[in-house]
Amino acid sequence: MHSSAGRYGADRQLHAIATGLDPDRYRALVALPEDGELSEDLRAAGIEVLVRPLAVLRRSIMSPAGLSRVVAAWAADAGGLGRLARARGVALVHTNTSVTLGGSAAARVASIPHVWHVREIYTGFDRWWPAYRRLLTTADALPCVSRATRDQFGGLGRATVLHDGLAVVPRRADRAASRAALGLPPDATVLAVLGRVSGWKGQDVAVRALGDAALRDRSDVVLAIAGDPWRGEERHLREVHELAAGLGLRDRVRHVGFQDDVDVVYGAADVVLVPSKQPDPFPNAALEAAGAGCCVVASDHGGLPEMLADGRTAVLVPPDDPAALAAAVAGLVDDPARRERLGAAAAADIAERFSTARMLERIQALYDVLLSA
């Protein structure tokens, strides 16, 4: 079960898992709340996809009225998915994000094990977290994408670290062609931020860094924002545009939208920024950019320090600190040799430690243990 049908980080991971399982041992049936790029990709790979309403928590519905709607959908999931699991002889439910609710009840109805994959850190939800933590810990296994994610559960034995793998083979497309495709200046220093445009991914921090004294007068430095907001949360993108205009950076901040071929963004970028304001569990934007050999500057919290080593494979900076981000970028703008060294070291390290094969081996081993219990 999964919470969306796009081609962002967790979507890519779901695709890698469903299509990478050993067919002699496991066959995936994927439940999604809507049709989209992910469902198309899965069906093209021969994976059966069921599209039906699912109970999914979103930041935008964290209110009593919003939660009541989620609870109603949750009850529908329990009955409908539980009956489906029994009818189809499903052996195990794997809920691919901790914001997708119905898998827990469906597994209980069908009397089968439940794996609840935790890809979220619940900073800022202190009021809700104790109750939600109790719900999550009803799962038979809680694979967490980073140590920072696992630490939310204290010493609970069912919560284990299972890092994501490279869901795609990342590479950097041709620089000139990539910039032409994205409408970016051919000779500028391009900074890129990839991912959902949101209130916590830090696109606004990147804009403020561009307006900081260290970069303000560098008209040859531009920022490309690759990604779109969740449906219904378009205000975040409007706020980024308004911020850029207010700082006099309208022409230096380019929104290139969601890019199906992220290799084009990697090819266009001199530096990839991951300026998350809240702890990012294990952002695939950073994993894939580093794996492609990009020079990455990222916030020093969440799962990022587990992925990237400051000064060796990336530059890590204090979170939500535009001045620190600007200073780090300024030190790289005129030092292409250092950018290349960091990118090359990152590509080698990521390929060794975070292969898809290693992730799949660990997931199937987890399934084996649960089904043999």
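If you're wondering where the values come from, they're calculated on a predicted model, not measured in any experiment.

So what's going on with the packing of helix 1 (residues 9–20) against helix 15 (residues 356–372)? Residues and values would help.
Where helix 1 meets helix 15, the axes come as close as 10 Å, and the angle between the chain directions of the two elements is 65 degrees. The orientation of helix 1 relative to helix 15 falls into the category roughly perpendicular. Crossing hand, helix 1 versus helix 15: right-handed. Counting all contacts with helix 1, which are made through Q13, A16, I17 and G20, the residues of helix 15 involved are T356, M359, L360, I363 and Y367. Residues of the contact of helix 1 with helix 15, tallied by class, amount to six nonpolar, three polar and no charged.

Tell me about the layout of surface pockets, and name the residues and values.
Volume-wise, the second largest pocket comes out at about 700 Å³. Along its surface, the second largest pocket is lined by 29 residues, and R27, A28, L29, V90 and L92 are the ones closest to its centre. Elements that contribute at least two residues to the lining of the second largest pocket include exactly helix 1, strand 1 (29–32), strand 2 (48–51), helix 3 (64–88), strand 3 (93–95) and helix 15. With four residues, the top contributor of residues to the lining of the second largest pocket is helix 3. Considering only residue class, the lining of the second largest pocket consists of 22 nonpolar, three polar and four charged.

I'd like to hear about the pattern of salt bridges, residue by residue, with values.
Enumeration according to the criterion identifies 18 salt bridges in this entry. A salt bridge links R339 to D270; the shortest N-O distance between them is 3.7 Å. Residue R339 is found in helix 14 (residues 336–353), and its partner D270 is found in the loop between helix 10 (262–268) and strand 10 (271–274); the two are separated by 69 residues along the sequence. Taken together, the shared-partner salt bridges in this structure form one network comprising R175, R179, D270 and R339.

Explain the nonpolar core to me, using residue names and the numbers behind them.
By size, the foremost hydrophobic cluster in this structure holds 37 residues, and its most contacted members are L194, V296, M307 and L308. Those elements that place two or more of their residues in this core are strand 7 (189–194), strand 8 (221–226), helix 10, strand 10, helix 11 (284–291), strand 11 (295–299), helix 12 (304–307) and helix 14. What L308 contacts, discounting residues up to four positions off in sequence, is A286, A290, V296, A298, T313, A314 and L316.

Each value, and the rule that gives it
Residues numbered from 1 in each chain as written. Predicted model: local features only at pLDDT ≥ 70, side-chain atom pairs only at ≥ 80, totals over all residues. Heavy atoms only, no water. Axes fitted to C-alpha atoms, helices over the stretch in contact; angles between N-to-C directions. Helix = DSSP H or I, 4+ residues; strand = E, 2+ residues; numbered from the N terminus. Parallel < 35°, antiparallel > 145°, perpendicular 65-115°, else oblique. Left-handed = near helix turned anticlockwise from the far one by under 90°. Contact = heavy atoms within 4.5 Å. Nonpolar A, V, L, I, M, F, W, Y, C, P; charged D, E, K, R; others polar. 1 Å grid on protein atoms, 1.4 Å probe; cavity = no way out; pocket = protein on both sides within 12 Å on 5 of 7 lines; lining within 4 Å. Points joined across faces, edges and corners; volume = space filled by probe spheres on them. Salt bridge = Lys/Arg side-chain N within 4 Å of Asp/Glu carboxyl O. Core = buried A, V, L, I, M, F, W, Y, C linked by side-chain atoms within 4.5 Å. Buried < 20%, exposed > 50% of the residue type's maximum accessible area, 1.4 Å probe, protein only.

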